[in-house]
Amino acid sequence: MRREGYIIEEIVAYPNMAQSFDQVLEGKRRKRSRQGRWLLAHREEVIAELSAQIADGSYTIAGGYRERTIIEGGKERRIQVLTMKDRIAVHAIMSIVDEHLKRRFIRTTSASIKGRGSHDLKAYIERNIREHPEETQFCYKFDISKFYESVSQQTIIDCVRRIFKDEKLNIILERFTRMMPTGVSIGLRSSQGLCNLLLSVHLDHILKDHLGIPFYYRYCDDGVVLAGSKEELWKIRHIIHECVESVGLKIKKNERIFPITENIDFLGYVIYPKHALIRKRIKKKFARKMGKVKSRKRRRVLIASFYGMAKHAQCNNLFYKLTGTEMRSFKDLNVAY
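A short tour of the structure in this document, coming up.

Rules behind the numbers
Residues numbered from 1 in each chain as written. Predicted model: local features only at pLDDT ≥ 70, side-chain atom pairs only at ≥ 80, totals over all residues. Heavy atoms only, no water. Pairing = 2+ DSSP bridges. Helix = DSSP H or I, 4+ residues; strand = E, 2+ residues; numbered from the N terminus. Axes fitted to C-alpha atoms, helices over the stretch in contact; angles between N-to-C directions. Phe/Tyr/Trp six-rings, centres within 6.5 Å; stacked < 30°, edge-to-face > 60°. Buried < 20%, exposed > 50% of the residue type's maximum accessible area, 1.4 Å probe, protein only. Salt bridge = Lys/Arg side-chain N within 4 Å of Asp/Glu carboxyl O.

Side note on the sheet that holds strand E8 (residues 264-266)
And then number 1: On the basis of which strands lie adjacent, the open sheet formed by three strands has the order E8-E9-E10 and antiparallel pairing. Edge strands, defined here as strands with exactly one partner in the open sheet, are E8 and strand E10 (276-278). Sheet twist, expressed as the average angle between the axes of neighbouring strands with direction ignored, equals 25 degrees.
And then number 2: By the bridge criterion, three bridges tie E8 to strand E9 (residues 269-271) in an arrangement that is antiparallel. Paired with Asp-265 across the two strands is Val-270, which belongs to E9.

Some words on the packing of aromatic side chains
And then number 1: As enumerated under the stated definition, the model contains six aromatic pairs in all.
And then number 2: Residues Phe-147 and Tyr-148 carry aromatic rings whose centres are separated by 5.4 Å and whose planes lie at 55 degrees to one another, so their mutual orientation is tilted. Per residue, the accessibility class of Phe-147 equals that of Tyr-148, and both read buried.
And then number 3: On the basis of an interplanar angle of 70 degrees and a centroid distance of 5.8 Å, the ring pair of Tyr-307 and Phe-319 is categorised as edge-to-face.

Examining the pattern of salt bridges
And then number 1: Taken as a whole and assessed by the stated rule, the structure comprises 16 salt bridges.
And then number 2: In this structure, Glu-49 engages Lys-85 in a salt bridge whose closest nitrogen and oxygen atoms are separated by 3.0 Å. With a gap of 36 residues between them, Glu-49 in helix H5 (residues 43-55) and Lys-85 in helix H6 (residues 84-102) connect regions that are remote in the sequence.
And then number 3: Accessibility expressed as a relative area gives 34% for Glu-49, which makes it partly exposed.
And then number 4: We note a salt bridge from Glu-167 to Arg-161, for which the minimum N-O separation is 3.0 Å.
And then number 5: Among the residues examined, Glu-167 registers a relative accessible area of 40% and is labelled partly exposed.
And then number 6: Taken together, the shared-partner salt bridges in this structure form one network comprising Arg-161, Glu-167, Glu-174 and Arg-178.

In structure tokens form, the structure reads like this:
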């Protein structure tokens, strides 16, 4: 594909800027905060100011960031949180950039791609196992070690310049990429799309287009490959290592090759050839929360969230045991947004 231009014009279009403003300030809590009240009082001025800065390429994250520690998947992570004004600008830029990047991604990659969540990728894997049982008997599962912290900033910038020819946009995206001393920010919205791009160029398209590997799936820095034999997967495993190491990254030592009858622990589910269950850690976390919660409204929200996971697996009995409610439809849970 040829490089794309005139992206800045799409970003600074008023509908996109206004939509980004409204999306960042969604919810009563943000609107009532000190930053939120000020932004709402100066809505048109803020949109005009950010539009002008993006249009001439001078936009930079002026408000800096604060760091917050979160626990995710049993791991402690430091994420960077921007001011709401900067979040509006980053959202406006990346909502358009992501749309252009989406066309470059293979169909079996997911995470931070509109319309392609974990459930979409899970359904894709299950369909392939069902339709190609002989060719999907074995699985190779891998995970990239400390992906965001160790990814090469220059490699990301090189990938961006292969896609976009608008120099102003490239400069802004380079500023986002170089916000941290090394690696990329975990909390910055641009990091997900740009890291997806890097793996798309240096891993996904090599496996799918150049080598014609049919059953390859990636969710952020986690990957799964299915094949008819272990020998075939060992060959693919060596190629994946070469691709990942060529951009300064490493595969974790917990990688493994195994028959799919042992189950594929991926995307929050334990996937078997003919059914799927929710991952044990998610069940335990939900049960602990349900044991602590006292508010009836909060309880309904938790049940609705768990229902969103359970309805994509064979978990009717589990859902009833943990919630005391039979799985029917989302509207029966009495949750309004």
